[in-house]
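Chain residues, written in single-letter form:
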Amino acid sequence: MSVDPALLSILRCPDEHHAELTLDEEAQTLTCTQCGRIFEIRDGIPVLLLDEARSPESGAE
């Protein structure tokens, strides 16, 4: 299931820098363009919780 393009255009990283997010449709994740945090998309819903985000290092495994 994919994220609606209109929704994707307004979503931002929940950290204080509020950077844009890039979509990886295959992995069903959103990645912050500034800090690199990776947020999962579950059942078509982005989970934009800092406590549940993966760091770029853990996402490269």
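Just above, that's the structure.
Here is a short report on the structure shown in this document. Only a predicted model underlies this, so the values are computations on that prediction, with no experimental measurement involved. (Residues numbered from 1 in each chain as written. Predicted model: local features only at pLDDT ≥ 70, side-chain atom pairs only at ≥ 80, totals over all residues. Heavy atoms only, no water.)

Glancing now at the pairing of strand β2 (residues 29-32). For a regular strand, the rule is simple: side chains alternate between the two faces of the sheet. Alignment of strand β1 (residues 21-24) against β2, held across four bridges, turns out to be antiparallel. When the sheet's bridge partners are listed, L23 is paired in β2 with L30. By the bridge criterion, three bridges tie β2 to strand β3 (residues 38-42) in an arrangement that is antiparallel. Among the inter-strand pairings, T29 is bridged to a residue of β3, identified as E40. The loop that links β2 with its antiparallel partner β3 comprises five residues; one of these, G36, has a positive phi angle of about 85 degrees. (Pairing = 2+ DSSP bridges. Helix = DSSP H or I, 4+ residues; strand = E, 2+ residues; numbered from the N terminus.)

One non-glycine residue, Q28, lies in the positive phi region at around 55 degrees. Examined against the element boundaries, Q28 turns out to sit in the loop between β1 and β2. One non-glycine residue, D43, lies in positive phi territory at about 55 degrees. Within the secondary structure, D43 is located in the loop between β3 and β4 (45-46).

With respect to the helices and strands, T29 occurs in strand β2. According to the relative accessible area criterion, T29 is buried, its value standing at 6%. Excluding its chain neighbours within four sequence positions, the residues that come into contact with T29 are T22, L23, D24, I38, F39, E40, I41 and R54. (Buried < 20%, exposed > 50% of the residue type's maximum accessible area, 1.4 Å probe, protein only. Contact = heavy atoms within 4.5 Å.)

All told, the structure shown has four salt bridges when counted by the stated rule. Between R37 and D15 there is a salt bridge; the shortest N-O distance is 2.7 Å. Residue R37 is found in the loop between β2 and β3, and its partner D15 is found in the loop between α1 (5-10) and β1; the two are separated by 22 residues along the sequence. Note on R37: relative accessible area 24%, which makes it partly exposed. (Salt bridge = Lys/Arg side-chain N within 4 Å of Asp/Glu carboxyl O.)

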